[in-house]
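Residue-level structure breakdown
Listed below, chain by chain, are the residues.
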Amino acid sequence: MWDAIWTGARLATMTTGGAPYGAIGTADDPAAIAVAGDRIAWTGRVSELPGAPETLAHAVHDAGGRWITPGLIDAHTHLVYGGDRAHEFELRLNGASYEEIARAGGGIRSTVTATRAATEEELVASADRRLAALCAEGVTVVEVKSGYGLDLDNELKMLRAARRLEERRPVTVRTTLLAAHAVPPEYQGRPDAYIDEVCHRILPAAAEAGLADAVDAFCEGIGFTPAQTERVFQAASRHGLPVKLHAEQLSDLGGAALAARFGALSADHLEYLSEDGVKAMAEAGTVAMLLPGAFYCLRETKLPPIDALRRYGVPIAVSTDCNPGTSPISSLLTVLNMACVLFRLTPEEALAGATRNAARALGLQESHGTLEPGKAADFALWDIDRPAELSYRIGPNPCAGVVKAGRPVA
């Protein structure tokens, strides 16, 4: 006996090689999905079931004709932080650039000050409010970066706060150490010395405590050079941690190719990505993580090379980049719309970017991102007529229910 089965559904399995969206079932010939424990046990049409649903499962749920997709995955966020940067939003609208604000002590550094002043409890509480909005839209896995502490104690504090979010919401949290996010004030003018601190103290401590699932860095003119980034990646490799990279957001420093050389899970932003960088990512299997919220909020005009990414077969993921400065967005559905309108993704590409390819960007492709037997029983039910509506509408939330690890939670 299965633990539960949902009948009367239409499934967007997001598997490849079949119908668009990996769709199974129609209004006249509905589909079903069964779970055993915390795993998917069966998917297919109701007419293909080996018996009556009530003889096959302990609990039978009627999906009422709704679409079911994999639980959404927000694979690049900065959910844990103190304060906000609404003042800088005003400055940008009055003509100041992101770089000018950062060099004047704003940007990441202003959030560092507020984050260092916040207690761990305060960070958990504020992040939980943002996470609640994501979970209400069918998000069941979220990545959370550090990077606003920029010293040993506060980076670990951020990672602990991120881990604790699992205690509050039905969500899987993957944590990423982003200590190489900016040069902290006490290391002003001494970036190499700070990279020493990251490589020899902060990163080893996070690894030893089991607080980081991956390591990230900001490779940019206002961040760190490729050489400094490589040192961080080498330290991550010594501790057995996979890497990812903020790359080519404001300029082309060859960060994506560097990330690919280290087998990075993803390279993120990529507005200034070159064709050589695309080729390197394709060869390494590195995911292109697109962040249209930051593109929108910074009023960027240079588009990521979408056609080249498609041509070379680079998996494309989409995320909110939820952060206080450049993407204060806690709606993944809104970002799917932005990905289509601003970056010209198709609705199917956008949804794949928040399911199948987002799972790959977190190294979870074997367990998440599609509706297949053996994978995590994380899925969302939607009051929609077709999957394209998830990236079409702005504002309404059509999520009608969420199942996490085989159990209905909303």
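What you see is a predicted model; the values in this text were computed from it and never measured.

Cut-offs used in this document
Residues numbered from 1 in each chain as written. Predicted model: local features only at pLDDT ≥ 70, side-chain atom pairs only at ≥ 80, totals over all residues. Heavy atoms only, no water. Helix = DSSP H or I, 4+ residues; strand = E, 2+ residues; numbered from the N terminus. Rg over C-alpha atoms; globule rule 2.2 N^0.38 Å. Buried < 20%, exposed > 50% of the residue type's maximum accessible area, 1.4 Å probe, protein only. Contact = heavy atoms within 4.5 Å. UniProt positions renumbered as here; feature names shortened; annotations may be inferred. 1 Å grid on protein atoms, 1.4 Å probe; cavity = no way out; pocket = protein on both sides within 12 Å on 5 of 7 lines; lining within 4 Å. Pairing = 2+ DSSP bridges. Axes fitted to C-alpha atoms, helices over the stretch in contact; angles between N-to-C directions. Expected span 1.5 Å × (residues − 1). Salt bridge = Lys/Arg side-chain N within 4 Å of Asp/Glu carboxyl O. Points joined across faces, edges and corners; volume = space filled by probe spheres on them. Nonpolar A, V, L, I, M, F, W, Y, C, P; charged D, E, K, R; others polar. Polar contact = N/O pair within 3.5 Å; in protein donor to acceptor, adjacent residues only side chain to side chain.

Let's shift gears to the overall build of the protein chain. The helix and strand inventory of the protein chain stands at 16 helices and 17 strands. Since a compact globule built from 410 residues should have a radius of gyration of about 22 Å, the 21 Å found for the protein chain is in line with a globular shape. Each of the three principal axes of the protein chain carries a C-alpha extent, and together these read 70 × 40 × 40 Å. Taking all 410 residues of the protein chain together, 59% fall into the buried category. Long-range contacts, defined as pairs at least 24 residues apart, comprise 72% of the intrachain contacts of the protein chain with a sequence gap of at least 6.

In the numbering used here, UniProt assigns the "binding site: Fe(3+)" (unreviewed entry) feature to His76, His78, His246 and Asp321. Across 246 residues, the annotated set stays spatially compact, with a maximum C-alpha separation of 12.4 Å. Among the annotated residues just listed, those that line the largest cavity are His78, His246 and Asp321. Checked against the element boundaries, histidine 78 lands in the loop between β7 (72-74) and α2 (86-93).

Let's shift gears to the sheet that holds strand β12 (residues 266-269). Taking strand neighbours across the sheet as the criterion, the eight strands line up as β7-β8-β9-β10-β11-β12-β13-β14 in an open arrangement whose pairing is parallel. Single-partner strands in this sheet number two, and they are β7 and β14 (316-318). The mean angle between the axes of side-by-side strands here comes to 25°, regardless of whether they run parallel or antiparallel. Sheet topology places strand β8 (residues 139-145) next to strand β9 (residues 172-180); five bridges connect them, and they run parallel. Along β9, the bridge assignment pairs lysine 145 with threonine 176.

Here we come to helix α6 (residues 152-164). Its 13 residues place the ends of α6 19 Å apart at the C-alpha level, agreeing with the 18 Å of an ideal helix rising 1.5 Å per residue. Every buried residue of α6 is listed here: Leu152, Asn154, Glu155, Leu156, Lys157, Met158, Leu159, Ala161 and Ala162.

What follows deals with the pattern of salt bridges. On inspection of all chains with the given rule, the structure shows 26 salt bridges. The residue glutamate 186 makes a salt bridge to arginine 116 at a minimum N-O spacing of 2.9 Å. With glutamate 186 in the loop between β9 and α7 (191-208) and arginine 116 in helix α4 (residues 108-117), this pair connects stretches of sequence that are 70 residues apart. Residue class for glutamate 186 comes out partly exposed when judged on its relative accessible area of 38%. Each of Glu120, Glu121, Arg160 and Arg164 takes part in one network of salt bridges that share partners.

For the structure on display, the rule yields two cavities of 30 Å³ or more. Roughly 130 Å³ of volume is contained in the largest cavity. Around the largest cavity, the lining is made up of 13 residues, and of these His78, Tyr98, His181, Asn323 and Thr326 lie nearest the centre. Tallied by class, residues from the lining of the largest cavity come to four nonpolar, seven polar and two charged. Here the second largest cavity is characterised by a volume of approximately 50 Å³. Lining the second largest cavity, in full, are Ile40, Pro70, Gly71, Ile73, Thr140, Ser367, His368, Gly369, Thr370, Leu371, Ala376 and Asp378. Residue composition of the lining of the second largest cavity, by class: five nonpolar, six polar and one charged.

Under the UniProt annotation, the feature "binding site: Zn(2+)" (unreviewed entry) is placed at His76, His78, His246 and Asp321. Turning to its location among the elements, histidine 76 is positioned in the loop between β7 and α2. Overall, the relative accessible area of 0% leaves histidine 76 in the buried class. Filtering out sequence-adjacent residues up to four positions away, histidine 76 remains in contact with Glu143, Lys145, His246, Asp268, Met289, Leu291, Ser319, Thr320, Asp321 and Cys322. Among the polar contacts listed, one links the side chain of histidine 76 to the side chain of histidine 246, at a separation of 3.3 Å.

The buried fraction of β8 is high, at seven of seven residues. Sheet analysis places β7 next to β8, joined by three bridges and oriented parallel. Note that in β8 the partner of aspartate 74 across the bridge is valine 142.

This next bit is on the layout of surface pockets. Here the idea is plain: a probe the size of a water molecule rolls over the atoms and shows the empty space left. Estimates place the volume of the largest pocket at around 380 Å³. Together, 23 residues line the largest pocket, and Arg103, Arg109, Gly221, Ile222 and Gly223 are the ones closest to its centre. Those elements that provide at least two residues to the lining of the largest pocket are α3 (98-103), α4 and α8 (226-238). Take the lining of the largest pocket: its biggest share by element is three residues, from α3. Its boundaries defined by the atoms lining it, the second largest pocket holds a volume of some 270 Å³. Taken together, 17 residues line the second largest pocket, and the ones lying closest to its centre are Ile316, Glu349, Ala352, Arg356 and Asn357. Taken together, the elements giving at least two residues each to the lining of the second largest pocket come down to α12 (306-311), α14 (347-353) and α15 (356-361). Examining the composition of the lining of the second largest pocket, we find that three residues originate from one element, α14, more than from any other. Taken together, the residues that form the lining of the second largest pocket break down as six nonpolar, seven polar and four charged.

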